[in-house]
Each structure stands twice: as structure tokens, then as C-alpha cells.
Amino acid sequence: MAEREAKESYGSDRAKLVYGRSTDGSLLHISDVQRGLACGCICPACDGQLVARAKADHKVPHFAHYSGEACGGGPETVIHLLAKEAFRSNPKMLLPERLGLDERKQVVMKPGQEVATEFLRLEYTDPKEIVPDLYVRALGYDLFVEVAVTHFCDGTKLQRLRDHRTPAVEIDLSRLPRDSTREAIADAVLRSAQRRWLFHPGIEAAKGMRKKEEEAWQKEQDERQVNAASRYRKRVGELARAYADGLKELARAKGTAPRHAELVEIGLIDHVGIEVAGFGCFTVLPAIWQAIILAEVFHDRRLGNGPCKAVPITKHLEKRNLIRPQFQRVSREVADDMALVETQFAPAWKAIDNCLNYLLGKGVLSQQGYGVALSKAFADPWTARTLAETKRTALLHETVQMVDWILGELPDDERCGMNGESWLQSIHQGSGLSYREALQSDIESAKIVGQIEGIAAMMEKNGRLPYGNVGLPIERAIERRKTQMAKHAVELREKQLQAAERLRHSRRDRLCVDAEKELTGADVDAFLNTRLANMNSMTPLEMAEDSESGLTRAREALSEIVRQQRIEAEDAAEREQYRRMITDDARSCLSEKDSESFLNGRDDDLNRTTPLLFVKDAETYRKAYGKLRQWQDEFSGPF
């Protein structure tokens, strides 16, 4: 189904013809003519008579051949004609990108551009049989335009265009629907359709330049290969002579494996000094570089946590200048040819690999991931020994630094020329050993270090007096420290007294500020200076000065007074309210004279006081109001 629809849309004898040629040669759309033969149109391709058909059976209006047999070329011819027609008004046209040369004669891709065109004529012919679809002028140059609907330029036509030397562009309208409108065809041919250069002198020049560059590059490569082969042969000869010289030098060389004592103690000394193939690549004897591999690579882990393999180890030895420069970069091909000249030759990395394989076979190394590691039987005791040695060395170093600092704090006449190193050589009275030897002793070192730390603390003026001098001339320094400590004690006491006085004043001031916020007038002074029984007969000011807890108790007393005053104020306000109420009630019920007599007359039922003084809350108001009702009944009768 999809294939059939595509054919109907993009070209076949079943594609709909929606344009016909009128008697004056113009193209008319199906919507602009009468139905049937009255349209008066012929096929643009075969000149056969056309009949205009209306919409029917879900088909759009279209032209059909009156003879009944479609030629199949009408829709494509229409696109050609309308494409050419689009250029009659000298429109702007989009030219595709192309290869070219910049101002430095470098091959570049020049971007596409929209240019104005000048229509010359529809067809162009010349003796070389060039028949382009369109012949226009753009950017001041002649330009051929080929419109491809079903047939594209072949090799023969391309060659003719190259021979003619006129730029030519091909516009691909093969996928344009055959029933497209004039506007759609014009837009496609001028802008939106795919297009390519068939020929352009700039493209040819760029291709020629590129070919020239490629030929020059190839020539350069050929020369390099010839030179490389010559250098290769020369390098093999030079390496063979260098290796022979290296073997001679090593035969005369002497040396001891580094860290010999460690290797002996751990049991590895018998596994260094193995003459493996390629040992002539090194600047030192096998015993030396193999000892360095065991100590620095496998024990000290100078390569980090990565796998220990031949190549990383080789780079480490190169940094140590243990591999002759000539053998630091040897290709496999050179190494193979070298082996033909010197049977015991191997590149440095291979010599190291041979050494690793030997150590694996002896159980010194074991496989670990992608590399190898020192076997546990050797690694654990070596690590323990190194930790102990490192700890002793660090302790000795730190102790000498402290001694040097202590001596540096003493005046020259007290120091007597002593320094950290001479102190190490002096005798420790407790053990009879030198201080260097005593610091290596597990028994004496802790005591000596503790005493030196105490002396250093004293010299920094923040420690106690030391209980010994550990061979250091500090007697006068101790006396100075005693004097300083006594003076400091006096100063400290004075500061404490001053601080206590400041705190007393601060607490007194804070209480005064609180009292002035809560009380007014004479109440402030009365509160601050009244002795209270619940404060041990002290005034609030004295309590605040005494301590923080005293300040807290004084503030609590202040809060209690403020609370009582608030309650009294609330009671007075309530009492005044009810007095106003009984007064208003009396004046509304009695005459002015009787109301005054009632309000100010003493009554036995009201605790022998006047109603005005008796009333203070709701209960007393009700009792007073009852007496008022009695007065009303007595003095407000009919007579």
C-alpha cells in the first residue's frame, strides 16, 4: 500500500496531472478551467488532447488524456516547465556549499549562499552539445541549472560540463509531489530542494590542490620510510655496540646491594644478583637493581597501590637512572634483531620480567591480581622490622629536635657549646650508655623522652619544674622558672580578686537595672535596701553582690513584689468598679439625700462599715445591693 501511494505521489503514469497547456502555450491549473473538453488544454508532454475531470471516487480533480491512454510524462514535464518559469522574474536562488581555496590557497568548504539571478534564456546550446535546462547569470558569472525529476546527469554530461568550464548546479526535484502548486515548485527549485554542484572551477581547483597535497604527503611518507629503514639499521648496530660496552663495564664494576642488612635479616640476600638475559642494559650490577626492586617497589610500594608489573617497574628504575639511556625505549622489532646479534640480549623491561619470573619460581613473589606482590612469609617480618626501625628513628629525630630547641632557649654562657648531636654522644647517668644508645633502648627511651618533654614544657612557661636535667645545663633556667612561677601566682591572685570585684559590680548593676524596669520612685530604693528574712537578713543588693545564685534569688524576690503589686492593682481596680456600680444603683433608686445616707452610713450587716467601703467584689456587691433594696422599699413607699 505504501509503495503504491509513493508511486502515485512521486511519479509514474498513475500520478495525477493537474496542469494542462492552453492554446496560448501557458500552463493552467485544473481549478482554473471548465470541466470536460471545454477546458481546451493539451498534455504538456505529448500534446495529446486533455479532458478536465471533477472530483469523484475520492480522487482530486485532474486532467486525463481524452484518448484514454496516459503518456506518463505529463506531471514530470509540468515540474520542468514550472521550475523554469520560476526564473523568469530574476529571483534569488540558494547555491549549495562547495570545496574551494581560501586566500592562503588552503582547501576549505565554502558555505552555501543565496544569490540574485538574471534570467538569460530557457535553453542553451553550443558546438559541444551542452543543453542545460536553465541558463542564468549569478554573481556576474554564467550558470547552468539542471532540474532533475526522473533523470539525473550521467558521466557523459558531467564530462561535457567540465570541458565547457561553465559552473553548473543540479536541483533534485525527484521527491516533489507531481501535483505540487506553482508556489511549492518555485520554493523547491529556488531554496528548499536538495542541490549539488555538477561543475565549478573552484571545486576543480580545490580538488587539484588536494591531490597535489596528497602526492606531496605520499612522497614525504616514502622518504620517511627510506630514512626510517636507514636509521633502524643504524640503531641496531649502535645498540649492539652499546650493549657490548655495557657488559664490559659491569664486569669491572663493584658494589653492594643497598639495604643489605635488611635483606640479610629477612632472608632475601640470596635472591639478588641473578644474571638474567638483558642485564647489560643497566648501569649497575644485577645485585643492586634487583635489591632496589625488592626494597623500593615491593616493600616500600613506591609504585603506589597499582599492580607491580615489569613495565611500571622499568619506569621507576629509569627515574633512578639505573637503565642506560640507549635501552630505555627499544621497539620489539629492534629487540628481535638485536637478539640475532647478541643472543643474551633482552630489553630492560624483559630483563626485569625475567627477574620477576625467577622470584615467582623461588616463592619470593606471589601472583596478586594483574601483577605480583611480595610473599607473606617475607612481607610480614619485613614490615614489622621497618615499623620498629621507623618508630625508633622518628623518636630519635624528634628528641634531638626538642634538645636543640631547649638549648637554643638558653643564653650562650649557659649552653657551653652543647648541641643536639654532642648531647647524643654524652653519657646517660642512669644506664651508663650514650644518649643515642639509651634512646634505642626500650627500657630507657621512654623515661628520657618524658624528662625532655617536661623540660621543654618548663621552657615554654606552661609546665611544672622538671625532676631531672637529663644531662642538659638547665639549673639556672630552673631557678628562673621558680621565680617566674611565684610572680605569676601573685599576679594571678590579683587578677582573680579584680575579676571577682568586676563580677560583684556587674551583678549589682544588673539587679538595679531590673528593679528600675519593674518599680518606680521610692519603691526601687525600698526594695534594694530592705533586709529580708528569707535572705538571711541580707538586702537584695547584698545578695546579688555575693554570687550568681544570690542574684537569682534577688530577682525572684523582685518578681514576687511585682506580682503582689499587680494583684493589689487588679483588686483595687475591681473594688473601684463595684463601688461605682453600687453608687450608680443607689442614686438611681433613692433620692440624692437618701443615697448619700445609704452609701456612707455604717451597717451592722455589712461588718459595721459603710456600703461604699464594704463593696469590693461580686459577693460583697450582692450583699450591699440587698441592703439597697431594703432602703428602696422603706424610703420609696407611697407616702
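The rules we used
Residues numbered from 1 in each chain as written. Predicted model: local features only at pLDDT ≥ 70, side-chain atom pairs only at ≥ 80, totals over all residues. Heavy atoms only, no water. Helix = DSSP H or I, 4+ residues; strand = E, 2+ residues; numbered from the N terminus. Rg over C-alpha atoms; globule rule 2.2 N^0.38 Å. Buried < 20%, exposed > 50% of the residue type's maximum accessible area, 1.4 Å probe, protein only. Contact = heavy atoms within 4.5 Å. Areas by Shrake-Rupley, 256 points an atom, 1.4 Å probe, with all protein chains shown as cover. Phe/Tyr/Trp six-rings, centres within 6.5 Å; stacked < 30°, edge-to-face > 60°. Axes fitted to C-alpha atoms, helices over the stretch in contact; angles between N-to-C directions. Left-handed = near helix turned anticlockwise from the far one by under 90°. Nonpolar A, V, L, I, M, F, W, Y, C, P; charged D, E, K, R; others polar. Polar contact = N/O pair within 3.5 Å; in protein donor to acceptor, adjacent residues only side chain to side chain. Core = buried A, V, L, I, M, F, W, Y, C linked by side-chain atoms within 4.5 Å. Patch = residues over 30% accessible without salt bridge, like charges linked within 9 Å, V, L, I, M, F, W, Y side chains within 5 Å. Salt bridge = Lys/Arg side-chain N within 4 Å of Asp/Glu carboxyl O. Lys, Arg positive; Asp, Glu negative; His and termini not counted. Charge placed at Lys NZ, Arg CZ, Asp CG, Glu CD. Pairing = 2+ DSSP bridges. pLDDT = per-residue confidence, 0-100.

1. Topic: the overall build of the protein
Thinking step 1. Of regular secondary structure, the protein possesses 22 helices and 14 strands.
Thinking step 2. A compact globule built from 639 residues should have a C-alpha radius of gyration of about 26 Å, whereas the protein, at 59 Å, is more than 25% larger.
Thinking step 3. By the burial criterion, 38% of the 639 residues in the protein qualify as buried.
Thinking step 4. Taking contacts inside the protein between residues at least 6 apart in sequence as the whole, the part at least 24 apart equals 56%.
Thinking step 5. A total of about 37700 Å² of accessible surface is found on the protein, and carbon and sulfur atoms cover 50% of it.

2. Re the packing of aromatic side chains
In this description, an aromatic ring pair is defined by two values, namely the gap between the centres and the angle between the planes.
Thinking step 1. Within this structure, the stated rule accounts for nine aromatic pairs.
Thinking step 2. Ring geometry for Phe282 and Trp289: centres 4.0 Å apart, planes at 5°, overall stacked. The burial state of Phe282 is the same as that of Trp289; both residues are buried.

3. A short note on the packing of helix α20 (residues 592–600) against helix α22 (residues 618–635)
Thinking step 1. Between α20 and α22, whose axes approach to 11 Å, the crossing angle comes to 145°. Seen from above, α20 lies across α22 with right-handed handedness. The residues of α22 that touch α20, namely those facing Asp594, Ser597 and Phe598, are Ala624, Lys627, Leu628, Trp631 and Phe635.
Thinking step 2. Each residue belonging to the contact of α20 with α22 can be placed in one class, and the counts come to five nonpolar, one polar and two charged.

4. Describing the side chain of Arg178
Thinking step 1. Of note, Arg178 is situated in the loop between β11 (168–172) and α4 (182–192).
Thinking step 2. Separated by 3.2 Å, the side chain of Arg178 and the backbone oxygen of Ser174 make a polar contact.
Thinking step 3. A polar contact of 2.7 Å, which involves the side chain of Arg178, links it to the backbone oxygen of Leu176.

5. Observations regarding the nonpolar core
Thinking step 1. Counting 51 residues, the largest nonpolar core has Phe282, Trp289, Leu294, Phe298, Leu317, Ile352 and Leu374 as the members making the most contacts within it.
Thinking step 2. Elements that contribute at least two residues to this core include exactly α5 (201–252), α6 (260–266), α7 (286–299), α8 (310–319), α9 (332–341), α10 (348–361), β14 (371–374) and α11 (376–409).
Thinking step 3. Looking at this core, the element that brings in the most residues is α7, giving nine residues.
Thinking step 4. The contacts of Leu317, once residues within four sequence positions are left out, are Phe282, Trp289, Ile292, Ile293, Leu322, Ile323 and Ile352.
Thinking step 5. Counting 40 residues, the second largest nonpolar core, distinct from the first, contains Tyr19, Cys39, Ala188 and Trp197.

6. Quick look at the environment of Arg210
Thinking step 1. Of note, Arg210 is situated in helix α5.
Thinking step 2. A residue is classified by how much of its surface remains accessible, and Arg210, at 38% relative accessible area, is partly exposed.
Thinking step 3. A sequence separation of 103 residues divides Arg210 from Val107, and the C-alpha atoms of the two residues are 6.9 Å apart.

7. Side note on the environment of Arg508
Thinking step 1. Following the sequence through the fold, Arg508 ends up in helix α16 (residues 475–518).
Thinking step 2. Classification of Arg508 by relative accessible area gives partly exposed; the value is 31%.
Thinking step 3. C-alpha of Arg508 to C-alpha of Asp380: the two residues are 128 residues apart in sequence and 71 Å apart in space.
Thinking step 4. Excluding residues within four positions of it along the chain, Arg508 makes contact with Leu541 and Glu545.

8. As for a negative patch on the surface
Thinking step 1. Among the surface-exposed residues, Glu568, Glu570, Asp571 and Glu574 lie close enough to one another that they form a single negatively charged patch.
Thinking step 2. Assignment of secondary structure puts Glu568 in helix α19 (residues 548–589).

9. Here's the deal with the pairing of strand β7 (residues 107–110)
Thinking step 1. Of the pairings in the sheet, the one linking strand β6 (residues 98–101) to β7 comprises four bridges and is antiparallel in character. Counterpart to Arg98 in the pairing with β7 is Lys110.
Thinking step 2. Between β6 and β7, which follow one another and run antiparallel, lie five residues, and Lys105 among them has a positive phi close to 65°.

10. Details of the confidence of the model for the protein
The predicted coordinates should not be examined in detail at positions where pLDDT is low.
Thinking step 1. Overall, the predicted model of the protein reaches an average pLDDT of 86, with 94% of residues at or above 70.
Thinking step 2. Within the protein, the element-level pLDDT minimum falls on helix α1 (residues 2–10), averaging 38, and the maximum on α7, averaging 94.
Thinking step 3. Note on residues 1–14: pLDDT is under 50 here. Beyond four places in sequence and across chains, it has 19 contacts.

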